[in-house]
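Fold and geometry: a report
Next come the chains, spelled out residue by residue.
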Amino acid sequence: MNYLPGTASLVEEIDKKLLVVLRDGRTLIGYLRSIDQFANLVLHRTIERIHVGKKYGDIPRGIFVVRGENVVLLGEIDLENENNPQLEEVPIDDILEMQREEQIQKQQEEERKKKSMLERGLQPHSELHDDLF
């Protein structure tokens, strides 16, 4: 097998089922149909998979174009083990509600940490923004 440099190595993944994790935390699963020199991807029959604990839900998305700079992780799905999940599938509405509850809990925890730091005279860290770099 010859090694292809850069995004050319993705040519071998065309028409394979891939899992793609995006910079914003979303997880997409779909068939890679096209790539370019910037690692922009076109996924076909795409689903967005939402995980909360040991449960997950799939939202059908169809054809999905992903800008290459937003890809954090890309990997081939093992089709033999795909139908043997160790997670429980739940309806979309249920998983979205669980996701909202999880986000609220994280926000409340962050507020508690911030309040605790202020009580101790420490300055809580401010969120860093991409435009600062």
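In what follows, the accompanying structure is described. Each chain has its residues counted from 1, running along the sequence as written. Only residues with pLDDT of at least 70 are given local features in this predicted model, and only at 80 or more are side-chain atom pairs given and counted; all residues enter the totals for whole chains, interfaces and linings. Based on all heavy atoms of the structure, the side-chain values leave hydrogens and waters out of the count.

Let us now look at the overall build of the protein chain. Numbering of helices and strands runs from the N terminus; a helix is a DSSP stretch of H or I covering at least four residues, while a strand is a stretch of E covering at least two. Counting its secondary structure elements, the protein chain contains one helix and six strands. Shown N-terminal to C-terminal, the secondary structure of the protein chain runs as helices and strands in the order β-β-β-β-β-β-α. As a reference, a globule follows 2.2 Å times the number of residues to the power 0.38, and the radius of gyration itself is taken over C-alpha atoms. Taken over C-alpha atoms, the radius of gyration comes to 19 Å for the protein chain, far larger than the 14 Å a tight globule of 133 residues would show. For each residue, the accessible area found with a 1.4 Å probe, counting protein chains only, is set against the maximum for its type, and the residue is called buried under 20%, exposed over 50%, and partly exposed in between. Classification of the 133 residues of the protein chain by burial places 23% in the buried group. The criterion used for residue contact is that any of the two residues' heavy atoms lie within 4.5 Å. Considering only contacts within the protein chain whose residues lie at least 6 apart along the sequence, 45% involve residues at least 24 apart. With an accessible surface of roughly 10,100 Å², the protein chain has 50% of that area assigned to carbon and sulfur atoms. All accessible-area figures derive from a Shrake-Rupley calculation using a 1.4 Å probe, and residue coverage is judged against the displayed protein chains alone.

A separate point is the sheet that holds strand β1 (residues 17-22). Any two strands with at least two DSSP bridges between them are considered paired. In space, the six strands of this open sheet follow the order β5-β1-β2-β3-β4-β6, with mixed pairing throughout. Both edges of this open sheet fall to β5 (71-76) and β6 (88-89), since each of them pairs with a single strand only. In terms of strand pairing, β1 meets β5 through five bridges, oriented antiparallel. The residue of β5 that forms the bridge with Leu 22 is Val 71.

Residue position: Leu 87 is located in the loop between β5 and β6. For Leu 87, a relative accessible area of 29% puts it in the partly exposed group. C-alpha of Leu 87 to C-alpha of Glu 76: the two residues are eleven residues apart in sequence and 19 Å apart in space. The contact partners of Leu 87, leaving out residues within four places of it in the chain, are His 51, Gly 53, Lys 54 and Tyr 56.

We count a salt bridge whenever a side-chain nitrogen from Lys or Arg sits within 4 Å of a carboxyl oxygen from Asp or Glu. Using the criterion set out here, one finds eight salt bridges in the structure. For Glu 69, the salt bridge identified is with Arg 67, shortest N-O distance 3.2 Å.

Among the secondary structure elements, Val 90 is positioned in the loop between β6 and α1 (92-119). Along the backbone, Val 90 and Tyr 56 are 34 residues apart, and their C-alpha atoms lie at a distance of 6.1 Å. Those residues in contact with Val 90, other than ones at most four positions away along the chain, are Lys 55, Tyr 56, Gly 57, Ile 95 and Met 98.

Note on terminology: a nonpolar core comprises buried Ala, Val, Leu, Ile, Met, Phe, Trp, Tyr and Cys residues joined through side-chain atoms within 4.5 Å. Listed in full, the ten residues of the largest apolar core are Leu 10, Leu 18, Val 20, Leu 22, Leu 28, Leu 32, Leu 41, Leu 43, Phe 64 and Val 66. At the level of elements, β1, β2 (27-35), β3 (41-52) and β4 (55-66) are the ones that each hand at least two residues to this core. For this core, the element with the most residues is β1, which contributes three residues. In this view, Phe 64 contacts Arg 26, Leu 28, Leu 41, Val 42, Leu 43 and Thr 46; residues no more than four positions away in its chain are not counted. Counting residues in hydrophobic clusters, the runner-up holds five residues, among them Val 52, Ile 59, Val 90 and Ile 95.

Fair warning: the whole summary comes from geometry, so function is off the table for now.
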